[in-house]
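Okay, here's what each chain looks like letter by letter:
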Amino acid sequence: MAENTPQGAPPSGGWERYELRLRVHPQTLADVRRVVGARLRQWGREELITPAAMCVTELLSNVHKHAASPDCVLTLENRPYGIWAAVSDTESSLPVVKEPDFLSESGRGMFLLSKTADEWGTDLNTTGKTVWFTLRAESVGP
């Protein structure tokens, strides 16, 4: 499924970080959701497991459907306010949020992510892009 790339010292912000290099395929999504759930449980972020798993699944599905290569990197960070998550791939085209056709079988992913995440965005780089989102823990104020 995936290759776990352990990180050394936490980033300069002092938060915990987890990185997973993987080749996206629809059959790997359930495994990745389990990995996300296990990591968030380890960090004491149980209340964020369901929304994080949904958002990560949507980003990975976009890699599978729209990127030329299924290779990507999933990054999770445990921050003081909640979590930050990102998927980096080799595609430079940015995701688009559009009003979904709820009768259609697809096309709702980024809309759902935009309504679930507290913040989200994209960063272009020399090798492709990173799509990221944040989820705030309810026990932490704004």
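The coordinates are above.
Treat the numbers as computed from the prediction; the structure is a model and nothing was measured. (Residues numbered from 1 in each chain as written. Predicted model: local features only at pLDDT ≥ 70, side-chain atom pairs only at ≥ 80, totals over all residues. Heavy atoms only, no water.)

Colleague: Just to check I follow, could you spell out helix H1 (residues 29-42) for this structure?
Modeller: Along an α-helix, residues three or four positions apart point the same way, because every turn accommodates 3.6 residues. Compared with an ideal rise of 1.5 Å per residue, which puts 14 residues at 20 Å, H1 spans 20 Å between its outermost C-alpha atoms and is within 8% of the ideal. For H1, the full list of buried residues reads Leu29, Val32, Val36, Gly37, Arg39 and Leu40. Buried residues of H1, seen end-on, are gathered within an arc of 165 degrees and therefore sit on one face of the element. When the buried face of H1 is taken as reference, the exposed residues oriented beyond 90 degrees from it are Arg34 and Gln42. On its buried side, H1 packs onto strand S2 (16-23), helix H2 (49-66), strand S3 (71-79) and strand S4 (82-89). Within two residues after H1, Gly44 carries a phi angle of roughly 75 degrees, on the positive side. (Helix = DSSP H or I, 4+ residues; strand = E, 2+ residues; numbered from the N terminus. Expected span 1.5 Å × (residues − 1). Buried < 20%, exposed > 50% of the residue type's maximum accessible area, 1.4 Å probe, protein only. Arc of directions from axis to C-beta. Contact = heavy atoms within 4.5 Å.)

Colleague: Explain the nonpolar core here, please?
Modeller: Side chains of nonpolar character tend, in soluble globular proteins, to be buried together. Residues Leu22, Val36, Leu40, Leu60, Leu74 and Phe133 are the most contacted members of the largest nonpolar core, which totals 31 residues. Put simply, the parts of the chain that give this core at least two residues each are S2, H1, H2, S3, S4, helix H3 (109-116) and strand S6 (128-136). No other element matches the seven residues that H2 contributes to this core. Ignoring any residue separated from it by four or fewer positions in sequence, one finds Leu60 in contact with Leu22, Val24, Leu29, Val32, Cys72 and Val87. (Core = buried A, V, L, I, M, F, W, Y, C linked by side-chain atoms within 4.5 Å.)

Colleague: How do you make sense of the pairing of S6 when you look at a structure like this?
Modeller: Looking down a regular strand, the side chains alternate between one sheet face and the other. Counting buried positions along S6 gives eight out of nine residues, so the element sits mostly inside the fold. In terms of strand pairing, S4 meets S6 through eight bridges, oriented antiparallel. Within S6, the residue paired with Ser88 across the bridge is Thr130. Summarising the sheet, strand S5 (residues 119-125) and S6 pair through seven bridges and their orientation is antiparallel. (Pairing = 2+ DSSP bridges.)

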